[in-house]
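Structure at a glance
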Amino acid sequence: MLELTPWNRPVEARVTVPGDKSLTHRGILMSALAHGSMELLQWLDAGDTRSSLRLVRAWGVQVVEDAPGRLVLRRPDSLHEPQDVVDCGNSGTTMRLGSGVASAVSGLTILRGDDSLSRRPMARVIEPLQEMGLGILARQGGVAPLAIGGGPHRGGAFSLPVASAQVKSALLLAGLSAEGSVSVEEPIPTRDHTERLIEAMGGMVVTRGRTVTVEPQRLEAISFTVPGDPSSAAFWGAIAALRPHRRVTIESLLFSASRTGFFRALEKMGAALEWRPAGTVPEPWGSVAVEGRGLSAISVGADDIPSMIDEVPLLALLATQAEGVTEIRGAQELRVKESDRLRVTTRILRAMGAQLEELDDGWIIEGPAPLHGAQVDAADDHRMAMLAAVAATVAESATQLVGEESVQISYPGFFNRYHQVRNA
Ligand code: S3P
């Protein structure tokens with residue numbers, strides 16, 4: 001248990017956040033489909049991405065970690081089936097995108113996960129992959145462990161019922177080794193890192209409106225530097241926006257529009273943001289400074305959710321400190337993340353004194369409501385632990401956080417930097 005005391009002094013800090021989790025997963029997993037040596041610089045070294053490394057190693061990809069922040073992955077002439085069941089830990093991205101890549105590995109790839117991952121819905125990837133002619137078995141209810149028989153498979157056209165970059169990516173990756181084209185129509189556009197990386201690796205992707213199409217093709221390995229993760233940066237953006245006299249500058253951050261919806265929402269709520277673009281490779285990146293200026297309520301609906309999906313709970317926290325009634329709708333996918341994030345967020349914020357009503361797909365939140373310390377449980381979910389830590393900065397008394405070690409999944413150095421900034 002971690003005791004977190006209020007931050008009562010002005011904040012002026014510069015932070016760098018770890019490399020983007022989505023891009024690191026894709027770099028690792030797509031190295032298994034590429035010709036040559038793939039090099040990732042400033043990759044996210046954390047629990048989730050280590051799960052993807054475990055998976056590609058099990059297929060025979062050679063992994064070299066010879067300098068801090070540098071990862072080199074070399075695919076063998078042909079991938080082989082893993083000798084044992086591969087543990088995807090807590091990582092939905094490893095399991096879902098990995099299922100797509102497994103279609104190219106002849107033989108059986110069996111994927112298991114921790115308790116949380118073993119409850120998460122996998123039918124959304126299994127069913128379309130089965131339609132491509134792949135043999136896939138799962139436990140009843142379409143949950144892990146999954147057994148994927150890789151080998152020849154057809155293409156197909158799919159219309160996804162849920163907006164999910166993980167499902168879209170799994171199908172596109174399976175399309176690279178299919179016998180025909182694969183096209184995927186999304187209800188709402190989601191993060192497009194897989195499409196961009198296929199193109200950066202010499203491949204071709206056609207995006208028309210909400211439909212993305214790939215042909216079977218071989219990729220070429222590339223080298224790239226992973227910009228900082230907006231989903232990790234969001235915790236700092238929230239710390240700054242929560243109170244006047246707080247300013248945090250986040251360096252080398254991924255700027256892609258499909259990931260920065262939370263920062264745009266901060267601006268709408270009244271925080272002052274300064275964006276400084278610095279580069280475009282492998283995707284737009286730069287620094288952003290966030291300054292607290294008081295907050296007002298906003299309305300967020302289904303179309304806004306994909307570009308801020310992992311940050312939506314932070315928006316709920318900000319709304320507790322904003323003037324007026326905030327409505328957040330269309331976020332039902334949060335119920336099937338590492339925890340039921342609608343329920344866990346409600347539980348944490350209510351224990352601290354917030355006024356919020358939980359709906360099936362979001363919340364109605366009345367602000368501003370003073371927060372006080374409480375004992376709160378992160379439910380073994382990294383993002384819920386960091387949410388509680390951010391809330392603790394504006395509580396009137398100390399917060400006791402259970403489950404702080406879960407931050408290892410995406411942001412191992414979070415609490416070090418948190419204490420440094422508080423005590424500076
Ligand atoms: C991710 C997509 C999102 C997100 C997850 C990472 C990705 O999930 O919540 O943390 O890397 O594609 P869904 O695509 O399932 O919504």
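Residues numbered from 1 in each chain as written. Predicted model: local features only at pLDDT ≥ 70, side-chain atom pairs only at ≥ 80, totals over all residues. Heavy atoms only, no water.

What about the nonpolar core?
What counts here: Remark: nonpolar core denotes a set of buried residues (Ala, Val, Leu, Ile, Met, Phe, Trp, Tyr, Cys) joined through side-chain atoms within 4.5 Å. A simple rule labels every residue: compare its accessible area, found with a 1.4 Å probe on the protein chains alone, to the largest value its type can have, and call it buried under 20%, exposed over 50%, or partly exposed in between. Runs of E in the DSSP output that reach at least two residues are strands. Runs of H or I that reach at least four are helices, and both are numbered from the N terminus. Throughout, a contact is declared for two residues whenever any of their heavy atoms are within 4.5 Å.
If you look at the biggest cluster of nonpolar residues, it comprises 77 residues, and the most contacted ones within it are Trp 236, Ile 250, Phe 262, Phe 263, Leu 315 and Tyr 418. Top contributing element to this core by residue count: helix α11 (residues 382-392), with nine residues. Aside from chain neighbours lying at most four places away, what touches Leu 315 is Phe 262, Ala 265, Met 269, Ile 298, Val 300, Met 308 and Ile 328. Among the nonpolar cores identified, the runner-up in size contains 63 residues, and Met 30, Met 122, Leu 219 and Leu 254 belong to it.

Re the packing of helix α7 (residues 230-241) against α11
So the rule is basically this: To get an axis, a line is fitted to the C-alpha atoms, and for a helix only the part in contact is used. The angle between two axes follows their N-to-C directions and goes from 0 to 180 degrees. These descriptions rest on fixed angle ranges, namely under 35 degrees for roughly parallel, over 145 for roughly antiparallel, 65 to 115 for roughly perpendicular, and the rest for oblique. Definitions for this section: a left-handed crossing has its near helix turned counterclockwise from the far helix by less than a right angle. A right-handed crossing has that turn clockwise.
In contact at an axis separation of 10 Å, α7 and α11 are set at 15 degrees when each is read in the N-to-C sense. Considering their axes alone, α7 and α11 lie roughly parallel with respect to each other. Handedness of the α7/α11 crossing: right-handed. Residues Ser 231, Phe 235, Ala 238 and Ile 239 of α7 lie in contact with α11, whose contacting residues are Arg 383, Met 386, Leu 387 and Val 390.

A closer look at the sheet that holds strand β5 (residues 62-67)
So the rule is basically this: A pair of strands is treated as paired once DSSP finds two or more bridges between them.
The strand order across the open sheet built from four strands is β5-β6-β4-β16, with neighbouring strands paired in mixed fashion. A single partner strand is all that each edge strand has here, and the edge strands are β5 and β16 (223-225). For this sheet the average axis-to-axis angle between neighbouring strands, irrespective of direction, equals 15 degrees. Contacts between helix α1 (residues 21-31) and the sheet are confined to β4 (37-41), β6 (70-74) and β16, with β4 contributing the most and set at about 165 degrees to the helix.

Some points on the pairing of strand β22 (residues 355-359)
Looking at chain direction, β22 and strand β23 (residues 362-367) are connected through five bridges and run antiparallel. Following the sheet pairing, Glu 357 is matched in β23 by Ile 364. Here β22 folds back onto β23, and the loop between the two strands holds two residues.

Looking at unusual backbone geometry
Along the chain, Val 281 connects to Pro 282 via a cis peptide bond; the corresponding omega equals -5 degrees. Structurally, Pro 282 can be placed in the loop between β18 (272-279) and β19 (285-291). In this structure, the amide linkage connecting Gly 367 to the following residue, Pro 368, adopts the cis form with an omega of -5 degrees. Note on placement: Pro 368 falls in the loop between β23 and β24 (375-377). Of note, Ser 252 is a non-glycine position whose phi angle comes to about 45 degrees, a positive value. Note that Ser 252 resides in strand β17 (residues 246-254). Phi angles above zero are rare outside glycine, and Asp 380 is one such case at about 55 degrees. As for its position among the elements, Asp 380 is in the loop between β24 and α11.

Topic: the packing of aromatic side chains
The following threshold applies: Stacked, tilted and edge-to-face are the three classes assigned to paired rings of Phe, Tyr and Trp, where Trp is represented by its six-membered ring and a pair needs centres within 6.5 Å; plane angles under 30 degrees give stacked, over 60 edge-to-face, the rest tilted.
Scanning all chains against the criterion turns up ten aromatic pairs. For the ring pair Phe 262 and Phe 263, a centre distance of 5.6 Å and an interplane angle of 80 degrees mean the geometry is edge-to-face. By relative accessible area, which is 1% here, Phe 263 ends up buried. Judged by centre distance (5.6 Å) and plane angle (40 degrees), the ring pair of Phe 414 and Tyr 418 falls under tilted. Residue Phe 414 and its partner Tyr 418 are both found in helix α12 (residues 414-423); the two are separated by four residues, about one turn of the helix. Overall, the relative accessible area of 0% leaves Phe 414 in the buried class. Overall, the relative accessible area of 1% leaves Tyr 418 in the buried class. Each residue in the set Trp 7, Phe 235, Trp 236, Tyr 411, Phe 414, Phe 415 and Tyr 418 is aromatic and connected to the rest through ring pairs, giving one cluster.

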